[in-house]
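Chain by chain, the residues:
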Amino acid sequence: MTSSDSAAPHFGRVLTAMVTPFLPSGEVNYPVVEKFSNYLVDHGTDTVVVCGTTGESPALTWGEEYELFKVVKGAVGDRAKIMAGTGSNSTKEAIEATKKADKLGLDGSLQVVPYYNKPPQAGLKGHFEAIAHAVPDLPIMLYNVPGRTSCNLLPETVAELSRIPNIVAIKEASGNLDQVSEISRRTRQQGTADFEIYSGDDSLTLPMLSVGAVGVVSVASHLVGDKLQQMVRAFESGQVGKATTLHLELLPLFKALFAITSPIPLKVALTLQGWEVGKCRLPLCEGSPDLQQQVEKALIQMNLLKAS
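Residues numbered from 1 in each chain as written. Predicted model: local features only at pLDDT ≥ 70, side-chain atom pairs only at ≥ 80, totals over all residues. Heavy atoms only, no water.

Trainee: Looking at this structure, how should I read the overall build of the protein?
Mentor: For the protein, the count of helices and strands is twelve helices and eight strands. The C-alpha radius of gyration computed for the protein amounts to 18 Å, which stays within 12% of the reference 19 Å derived for 308 residues, consistent with globular compactness. Seen through its C-alpha atoms, the protein measures out along the principal axes to roughly 55 × 45 × 35 Å. Within the protein, contacts between residues separated by at least 24 positions form 74% of all contacts whose residues are at least 6 apart in sequence. For the protein, the exposed area adds up to about 12,900 Å²; of that, 52% sits on carbon and sulfur atoms. Computed over 27 positive and 32 negative side-chain charges, the separation of the two mean positions in the protein equals 1 Å. (Helix = DSSP H or I, 4+ residues; strand = E, 2+ residues; numbered from the N terminus. Rg over C-alpha atoms; globule rule 2.2 N^0.38 Å. Contact = heavy atoms within 4.5 Å. Areas by Shrake-Rupley, 256 points an atom, 1.4 Å probe, with all protein chains shown as cover. Lys, Arg positive; Asp, Glu negative; His and termini not counted. Charge placed at Lys NZ, Arg CZ, Asp CG, Glu CD.)

Here it is, written out as structure tokens:
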């Protein structure tokens with residue numbers, strides 16, 4: 001594991017929401033999964049998040065997801081933590097999937113806000129409580145991403161959920177720094193300051209660190225995990241100027257990777273680097289020639305690809 005000091009956050013500083021590589025046939029490419037998960041751990045990743053949004057979880061079957069959990073755990077072993085994306089808009093399905101992940105000995109579960117249902121805050125609270133109580137020994141990270149779920153997990157609800165012992169963190173991808181600040185304020189005020197906030201947007205990691213976040217669940221870490229580690233550690237050690245310089249250096253890459261729906265640009269980038277990650281599954285699609293040029297330019301600028 002990259003972070004070894006006792007002060008490191010529960011899941012480390014840099015968590016990578018790993019892509020799911022596919023064969024030309026569209027099936028999961030498990031040999032590349034093994035190789036790539038080890039590559040991530042060697043390049044700045046503290047926790048590998050399997051079957052998150054970047055892993056195209058909505059297009060995977062539960063059987064494929066369970067196999068991915070096993071393959072990554074077998075490949076990485078104890079060199080990094082493994083977090084399973086087992087959330088669902090069905091509480092019953094989420095509980096069943098999370099129990100299976102728990103039995104594999106994984107290190108945590110990422111639980112997305114239920115999508116499409118648009119539950120009120122009381123329903124969200126009940127959903128996450130039920131999952132947490134079903135796996136009391138498995139650490140859980142909440143995942144708030146209203147741009148994809150059309151439902152916002154509010155700071156007061158997060159603060160209430162943070163009282164549950166195994167709900168230990170949140171991936172905050174609302175893009176709202178006031179909301180992040182309010183989560184930080186409320187959890188500290190009520191005595192659950194050990195509840196950890198992670199940025200769900202690469203480009204907001206540094207601003208979020210300034211209001212209480214401890215790290216990032218990253219897309220860019222597929223490409224620049226070591227630099228993200230440097231940025232977070234620089235901020236932690238009071239080297240704010242160095243952290244800012246790194247943030248600004250990485251910003252064009254962050255923007256290129258979200259030029260259209262992720263992980264389409266990321267798969268373009270990895271393919272340009274020679275990784276056999278395949279195309280995205282429908283309903284996501286292949287990157288356009290214009291997108292490829294944009295991503296290629298960003299990679300060359302970052303010395304991640306030689307100019308042709």
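Picking up where we left off.
Trainee: Would you take a moment to explain the pairing of strand 6 (residues 167–172) for this structure?
Mentor: Here is the key point about a regular strand: its side chains alternate between the two faces of the sheet. Within strand 6, six of the six residues are buried, which leaves it mostly tucked inside the rest of the structure. Relative to strand 7 (residues 196–199), strand 6 is paired through four bridges, and the arrangement is parallel. Considered in strand 7, the bridge of Ala169 is made with Glu196. Between the parallel elements strand 6 and strand 7, the chain passes through helix 7 (residues 177–189) in a crossover that is right-handed. (Buried < 20%, exposed > 50% of the residue type's maximum accessible area, 1.4 Å probe, protein only. Pairing = 2+ DSSP bridges. Right-handed = clockwise from strand over helix to strand, strands pointing away.)

Trainee: I'm lost on the nonpolar core in this one. Help?
Mentor: Core analysis: the biggest nonpolar cluster contains 78 residues, and Leu142, Leu153, Ile167 and Leu223 have the highest contact counts within it. When residues of this core are assigned to their parent elements, the largest contribution, seven residues, is made by helix 10 (residues 240–257). Excluding its chain neighbours within four sequence positions, the residues that come into contact with Leu223 are Leu253, Leu257, Leu266, Ala269, Leu270, Gln273, Leu299 and Leu304. In this structure, Met83, Val145, Ala169 and Tyr198 belong to the second largest nonpolar core, which totals 16 residues. (Core = buried A, V, L, I, M, F, W, Y, C linked by side-chain atoms within 4.5 Å.)

Trainee: Please clarify how unusual backbone geometry should be interpreted in this entry.
Mentor: The general pattern is negative phi for most residues beyond glycine and trans for most peptide bonds. Of the consecutive residues Ser262 and Pro263, the connecting peptide bond is found in the cis state with omega at 15°. Here Pro263 is to be found in the loop between helix 10 and helix 11 (264–272). In this structure, Pro283 follows Leu282 across a cis peptide bond, with omega equal to 15°. Residue position: Pro283 is located in the loop between helix 11 and helix 12 (289–301).

Trainee: What is the right way to look at the sheet that holds strand 5 (residues 140–144) in this model?
Mentor: Pairing between the strands of a sheet is mediated by backbone hydrogen bonds and can be parallel or antiparallel. Judged by pairing direction, the barrel is parallel, and its eight strands sit side by side in the order 1-2-3-4-5-6-7-8 before closing back on the first. Strand-to-strand twist across the sheet, computed as the mean angle between neighbouring axes with direction ignored, equals 25°. One ladder, built from three bridges, connects strand 1 (residues 14–17) with strand 2 (residues 47–50); its direction is parallel. Note on strand 2: the bridge partner recorded for Ala17 is Val49. (Axes fitted to C-alpha atoms, helices over the stretch in contact; angles between N-to-C directions.)

Trainee: Would you explain helix 9 (residues 221–236) in this entry?
Mentor: Note on helix geometry: an α-helix contains 3.6 residues per turn, so any two residues three or four positions apart are oriented the same way. End to end, helix 9 covers just 18 Å across 16 residues, shorter than the expected 22 Å (1.5 Å per residue, more than 12% under). For helix 9, the principal kink sits at Lys227 and spans about 45°. Following helix 9 by one or two positions, Gly238 has its phi on the positive side, about 90°. (Expected span 1.5 Å × (residues − 1). Bend = angle between axes of the 7 residues up to and from the residue.)

Trainee: It is not clear to me how the pattern of salt bridges should be interpreted in this structure. Could you clarify?
Mentor: Two side chains with opposite charge may pair up if their charged atoms get near one another. Within the structure shown, the criterion is met by eleven salt bridges. Between Lys73 and Asp78 there is a salt bridge; the shortest N-O distance is 3.9 Å. Given the relative accessible area of 75%, Asp78 is considered exposed. Between Lys227 and Glu249 there is a salt bridge, and its shortest N-O distance comes to 2.2 Å. Remark: Glu249 occurs in helix 10 and Lys227 occurs in helix 9; sequence separation between them is 22 residues. Judged by its relative accessible area of 26%, Lys227 falls in the partly exposed class. Judged by relative accessible area, which is 31%, Glu249 ranks as partly exposed. Through salt bridges with shared partners, a single network forms among Glu182, Arg185 and Arg186. (Salt bridge = Lys/Arg side-chain N within 4 Å of Asp/Glu carboxyl O.)

Trainee: Would you mind showing me how to read helix 2 (residues 62–76) here?
Mentor: Taking 1.5 Å of rise per residue, 15 residues should cover 21 Å, and helix 2 covers 21 Å from first to last C-alpha, within 8% of that figure. Directly beyond the C-terminal end of helix 2, a positive phi value near 60° is found at Gly77.

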